[in-house]
Amino acid sequence: MFKLWASAYKEFLLLTRDLGGLAVLFLMPLLLVITITTIQDSTFKTLEVSKIPILLVDQDQGHVSQNIRENLDNSNLFEVVMATDEKEAQSLVQKGKYQLAFVIPEDLTSGLDQKVRENVETMLSRFGIGEESTASVKSKWSPKEVRLYFDPAAQQSFKTSVRSSIDQMISEIESKTIYKAFQEQLTDDESEVIFDTEHFISFTEINPDTGQEPMVPNSTQHNIPAWTLFAIFFIMLPLGINMVNEKNLGTMIRLRTQPVSYATVLGGKTLVYVLVALVQFTLMLLVGMYLFPLIGLPQLDVSGKLPLLFLVAFFAGLAAVGLGLLVGTIAKTQEQSAPFAATFVVILAAIGGVWVPVFAMPRFMQTLSNLSPMNWGLNAFYDVFLRNVGLRELIPEIALLFTFFIVTTLIALFYNAKKNAV
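Note that this is a predicted model, so its numbers are computed, not measured. (Residues numbered from 1 in each chain as written. Predicted model: local features only at pLDDT ≥ 70, side-chain atom pairs only at ≥ 80, totals over all residues. Heavy atoms only, no water.)

Engineer: So what exactly am I meant to see when it comes to the overall build of the protein here?
Structural biologist: When its secondary structure is counted, the protein shows 16 helices and 4 strands. For the protein, the proportion of its 422 residues judged to be buried stands at 41%. Sequence separation of 24 or more characterises 78% of the internal contacts of the protein that already satisfy a separation of 6 or more. Of the roughly 23900 Å² that the protein leaves accessible, carbon and sulfur atoms contribute 61%. (Helix = DSSP H or I, 4+ residues; strand = E, 2+ residues; numbered from the N terminus. Buried < 20%, exposed > 50% of the residue type's maximum accessible area, 1.4 Å probe, protein only. Contact = heavy atoms within 4.5 Å. Areas by Shrake-Rupley, 256 points an atom, 1.4 Å probe, with all protein chains shown as cover.)

Engineer: Can you help me understand the side chain of Thr 329 in this one?
Structural biologist: Relative to the elements of secondary structure, Thr 329 occurs in helix H12 (residues 306-330). What makes Thr 329 buried here is its relative accessible area of 2%. Apart from residues lying up to four places away in sequence, Thr 329 is in contact with Met 243, Lys 247, Tyr 262, Ala 412, Tyr 415, Asn 416 and Lys 419.

Engineer: Teacher, can you tell me more about a nonpolar patch on the surface here?
Structural biologist: Taken together, Leu 291, Leu 294 and Ile 295 make up a surface patch of nonpolar side chains, about 290 Å² in accessible area. With respect to the helices and strands, Leu 291 occurs in helix H11 (residues 262-294). With a relative accessible area of 30%, Leu 291 lands in the partly exposed category. (Patch = residues over 30% accessible without salt bridge, like charges linked within 9 Å, V, L, I, M, F, W, Y side chains within 5 Å. Salt bridge = Lys/Arg side-chain N within 4 Å of Asp/Glu carboxyl O.)

Engineer: Would you mind going over the nonpolar core with me for this structure?
Structural biologist: A general tendency of soluble globular proteins is for nonpolar side chains to be buried together. Core analysis: the biggest nonpolar cluster contains 72 residues, and Phe 233, Leu 285, Met 374, Phe 381 and Leu 394 have the highest contact counts within it. Sequence-distant contacts of Phe 233, that is, excluding residues within four places in its chain, are made with Ala 316, Ala 319, Ala 320, Val 345, Leu 348, Pro 373 and Met 374. One finds Ile 52, Leu 100, Ile 173 and Ala 181 within the second-largest nonpolar core, a separate group that totals 24 residues. (Core = buried A, V, L, I, M, F, W, Y, C linked by side-chain atoms within 4.5 Å.)

Engineer: So what exactly am I meant to see when it comes to the environment of Thr 109 here?
Structural biologist: Considering the arrangement of structural elements, one finds Thr 109 in helix H5 (residues 108-126). Among the residues examined, Thr 109 registers a relative accessible area of 9% and is labelled buried. Separated by 46 residues in sequence, Thr 109 and His 63 place their C-alpha atoms 6.4 Å apart. Filtering out sequence-adjacent residues up to four positions away, Thr 109 remains in contact with Asp 60, Gly 62, His 63, Val 64 and Ser 65. In this structure the side chain of Thr 109 is engaged in a polar contact, spanning 2.5 Å, whose partner is the side chain of Asp 60. (Polar contact = N/O pair within 3.5 Å; in protein donor to acceptor, adjacent residues only side chain to side chain.)

Engineer: I tried to follow the pattern of salt bridges on my own but got confused; where do I start?
Structural biologist: If charged atoms from side chains of opposite charge come close, those side chains can pair. Taken as a whole, this structure holds 2 salt bridges when the rule is applied. With a shortest N-O distance of 3.9 Å, Arg 69 and Asp 73 are connected by a salt bridge. Of this pair, Arg 69 and Asp 73 both sit in helix H3 (residues 63-74), 4 residues apart, roughly one helical turn. Residue Arg 69 is classed as partly exposed on the basis of its relative accessible area, which comes to 33%. A relative accessible area of 35% means that Asp 73 is categorised as partly exposed.

Engineer: What is the right way to read the pairing of strand S2 (residues 78-83) from this model?
Structural biologist: Regular strands place their side chains on alternate faces of the sheet. Relative to S2, strand S1 (residues 52-58) is paired through 6 bridges, and the arrangement is parallel. Note on S2: the bridge partner recorded for Leu 56 is Met 82. Handedness of the β-α-β unit built from S1, H3 and S2 comes out right-handed. (Pairing = 2+ DSSP bridges. Right-handed = clockwise from strand over helix to strand, strands pointing away.)

Engineer: For this particular structure, what's the right way to read helix H4 (residues 86-94)?
Structural biologist: Since the α-helix turns once every 3.6 residues, residues separated by three or four places project in the same direction. Among all positions in H4, only Glu 86, Ala 89 and Val 93 are buried. The arc enclosing the buried residues of H4, seen along the axis, measures out at 65 degrees, which places them on a common side. Away from the buried face of H4 by more than 90 degrees, exposed residues Lys 87 and Gln 94 are located. For H4, the secondary structure elements touched by its buried residues are S1, strand S3 (100-104) and strand S4 (147-150). For H4, the N-terminal capping position is held by Asp 85, with its side-chain oxygen 3.2 Å away from the main-chain nitrogen of Lys 87. (Arc of directions from axis to C-beta.)

Engineer: Any chance you could explain unusual backbone geometry here in plain terms?
Structural biologist: Note on backbone geometry: most residues besides glycine have negative phi, and most peptide bonds are trans. Unlike most non-glycine residues, Gln 61 shows phi in positive territory, near 60 degrees. Mapping Gln 61 onto the fold places it in the loop between S1 and H3. A positive phi angle, close to 60 degrees, is found at Asp 107, a residue other than glycine. Tracing the backbone through its elements, the reader meets Asp 107 in the loop between S3 and H5. With a relative accessible area of 44%, Asp 107 lands in the partly exposed category.

Engineer: Sorry if this is basic, but what is going on with the confidence of the model for the protein here?
Structural biologist: Looking at the protein as a whole, its pLDDT mean stands at 79, while 82% of the residues score no less than 70. Mean pLDDT values for the elements of the protein range from 47 in helix H6 (residues 132-136) up to 92 in H12. Segment residues 133-137: pLDDT under 50, and 4 contacts once partners within four positions in sequence are set aside and those in other chains are kept. Taken together, the stretch residues 210-216 has pLDDT below 50 and engages in 13 contacts with residues farther than four places along the chain or on a different chain. (pLDDT = per-residue confidence, 0-100.)

Engineer: I would appreciate a short explanation of the environment of Leu 55 in the present structure.
Structural biologist: Secondary-structure assignment places Leu 55 in strand S1. Given a relative accessible area of 3%, Leu 55 falls into the buried group. Put simply, Leu 55 and Ala 83 are 28 residues apart on the chain and 6.1 Å apart in space, counted from C-alpha to C-alpha. Sequence-distant contacts of Leu 55, that is, excluding residues within four places in its chain, are made with Val 81, Ala 83, Ala 89, Leu 92, Tyr 98, Leu 100, Ala 101 and Phe 102.

Here is the structure:
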């Protein structure tokens, strides 16, 4: 045990004497999470509070187009800017001046009124209510086409959302027009209400865990876990560099002359760098809890979750240290260790869902993300922060992280033993 603590103390001295390494370990993640969260939160608030300006070309000038404009004005999505020429509106959207141009075709009101009136008269005449002569003579109305011009740079999710909203709005207008036509045919009293046009079916989003209205995840709850994991796995960079320096400076040779096993040396490094990971995580939590509210960002709520959060951080730290031990054992120079460690951390973060949510990835990348330890840690953090799970539900992710640490450490021990075998 004394040898293990001596090895850990030696590693602690090496770490504290490297001010640049300490800055990379502690200051860089804090600046990164503050910057990323500020950018994402500002974007989220902009989309939530501000309306998107869109062009509206009204070639109909009827009550239907007026109803469409009122619905757009009253929505929380759009700020309507009127335009007179369709080609000009198309050009402005093509240049990126507007995200969308909405073109209402000519004779939309008269065409819809004519279609509904003739259908209603035909239906009523079959029940002996309307006049058969008027119902039997139909004009040839043609379907109308509402044209949408999207900015070529607009995301597909935005296009889908807009089309869905507009389709729902048009369907509601058509339904009200049909009710109005029946009303006119069945009664002469315009004040009498025969049909109730209020929505009968509504939708309420419920949290499946609590049965209450769900808590909407904010930028803080997403970024603190994600970039904490990025920082924790970034410790493999200074860890690998220190191990390479020990080999190049002869420190490792001197250690081999002492009655100290390589496993004890790795154990000392593991203790120190897992402690570093927990300190990183603590600093991230403090930033989310106390600094973020001061700069206008959502506060991180950790009430009742700290034990499970630190448990996940501990095993994530073990996984990161195991990978660092393996890199440091195999690498022979800093030129091998540093670029590989930095690049590999970025790759693990990319496929693990730190930058892009896993569900937004192609199916092949979704399958590949299951191999990233960052993905395991991120899912565990999300389970605690957003799903309010207990220890039992965390066991699969924790087991994966611990197994990853064991496997990488055993490979490092096996490689060192084989390399130094006489």
